[in-house]
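Structural characterization, general
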Amino acid sequence: MLEILEDNWLLFLIGQYPHGPVGGLAMTLLLAAAGLSLSFPVAIALALARLSARRWLRGPATAVVYIVRGLPLIMFIFWTYFALPLLIGHTVGGVETLLFALIVYEASYLSEIIRAGIEGLPKGQVEAAKALGLGYFPTTFKIILPQVLHNMMPSLVRQFVSTIKETSLGYVISANEVTFAASQVNNQLMTQPFEVYGLLALTYFTLCFTLTSAARWLERRLTAERGGLGAQPA
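Residues numbered from 1 in each chain as written. Predicted model: local features only at pLDDT ≥ 70, side-chain atom pairs only at ≥ 80, totals over all residues. Heavy atoms only, no water.

Let's shift gears to the overall build of the chain. Within the chain one finds 10 helices and 0 strands. Along the chain direction, N to C, the helices and strands of the chain fall in the order α-α-α-α-α-α-α-α-α-α. Considered along the principal axes of its C-alpha atoms, the chain spans approximately 70 × 50 × 30 Å. A burial count over the chain gives 38% of its 234 residues as buried. Restricting the contact set of the chain to residue pairs at least 6 apart, pairs at least 24 apart contribute 71%. Counting only carbon and sulfur atoms, one obtains 68% of the accessible surface of the chain, whose full area is about 13300 Å². Here the chain holds 15 positive side-chain charges and 13 negative ones, and the gap between their average locations is 20 Å. (Helix = DSSP H or I, 4+ residues; strand = E, 2+ residues; numbered from the N terminus. Buried < 20%, exposed > 50% of the residue type's maximum accessible area, 1.4 Å probe, protein only. Contact = heavy atoms within 4.5 Å. Areas by Shrake-Rupley, 256 points an atom, 1.4 Å probe, with all protein chains shown as cover. Lys, Arg positive; Asp, Glu negative; His and termini not counted. Charge placed at Lys NZ, Arg CZ, Asp CG, Glu CD.)

Right, here's the structure in full:
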């Protein structure tokens, strides 16, 4: 396994770059970060629509969230892979296809995290904002969402971990991420699949375990902050 790593560590890490496209672990992290970041505005819109008193907003948003969360990501990858070129009139690469599918998929999951965070805030926050004469948008974007985003940081890190693992499905459409890089190494060696995919599993485990530990640390810190605030005299 060490010999495989010594001979192919650059391919695992950055793919064929600078003599070709970026790939490997770098592309996995870029896809996960971009997918989560670009899905965030969509997730906020879905969460706010689901909490809206207007049925014409709440109904479609609820339907989207339930449908997307009820289907596997691989289906969205295939649908995007075959449908997106028909819609835009030209072919789309594996990386772009995977990114689009991740944005749609992650937005539905993130929206539920945001919605739960909003519903978990004390109702007095909104009432105090109304008493100060603030409208819906200032209340939402200056008072509610900043608190929600601060509280949901551990959940965001966990969702990032989940997205990193989900990028491995890009292998089926030749998205040049770390699983695809491992398959390239395996195709070259032919006789050492256990070692190659064992190294891949170790890579995923190390990365995800580190990020999960960071999420637990953030959660303990936020809990300590809340406890400290609760202990302060009124």
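Position of Leu-46 relative to the elements: it lies in helix H2 (residues 24-50). For the pair formed by Leu-46 and Arg-58, sequence separation is 12 residues and the distance between their alpha carbons is 8.6 Å. The contact partners of Leu-46, leaving out residues within four places of it in the chain, are Ala-61, Val-64, Val-65, Ala-107, Ser-108 and Ser-111.

Each packed pair of helices is defined by two parameters, the angle between the axes and the distance between the axes. Relative orientation of the contacting elements helix H6 (residues 124-131) and helix H7 (residues 136-151) amounts to 155 degrees, with a least axis distance of 11 Å. Put simply, H6 runs roughly antiparallel to H7. As for how H6 packs across H7, the hand of that crossing is right-handed. Residues Gln-125, Val-126 and Ala-129 of H6 form the contact with H7, whose participating residues are Thr-139, Ile-143, Ile-144 and Gln-147. (Axes fitted to C-alpha atoms, helices over the stretch in contact; angles between N-to-C directions. Parallel < 35°, antiparallel > 145°, perpendicular 65-115°, else oblique. Left-handed = near helix turned anticlockwise from the far one by under 90°.)

Scanning the model with the defined rule gives 4 salt bridges in all. Between Glu-112 and Arg-50 there is a salt bridge; the shortest N-O distance is 2.5 Å. Linking Glu-112 in helix H5 (residues 94-120) with Arg-50 in helix H2, this pair joins segments that are 62 residues apart in sequence. For Glu-119, the salt bridge is made with Arg-115, and the minimal N-O distance between the two is 3.3 Å. Of this pair, Glu-119 and Arg-115 both sit in helix H5, 4 residues apart, which is roughly one turn of that helix. (Salt bridge = Lys/Arg side-chain N within 4 Å of Asp/Glu carboxyl O.)

Those residues carrying the UniProt feature "transmembrane region" (unreviewed entry) are residues 25-49, 61-82, 88-110 and 196-218 in this numbering. Taken end to end, residues 61-82 comprises 86% helix and 0% strand; its first and last C-alpha atoms sit 25 Å apart. Secondary structure within residues 88-110 divides into 78% helix and 0% strand; the distance between the first and last C-alpha atoms comes to 27 Å. (UniProt positions renumbered as here; feature names shortened; annotations may be inferred.)

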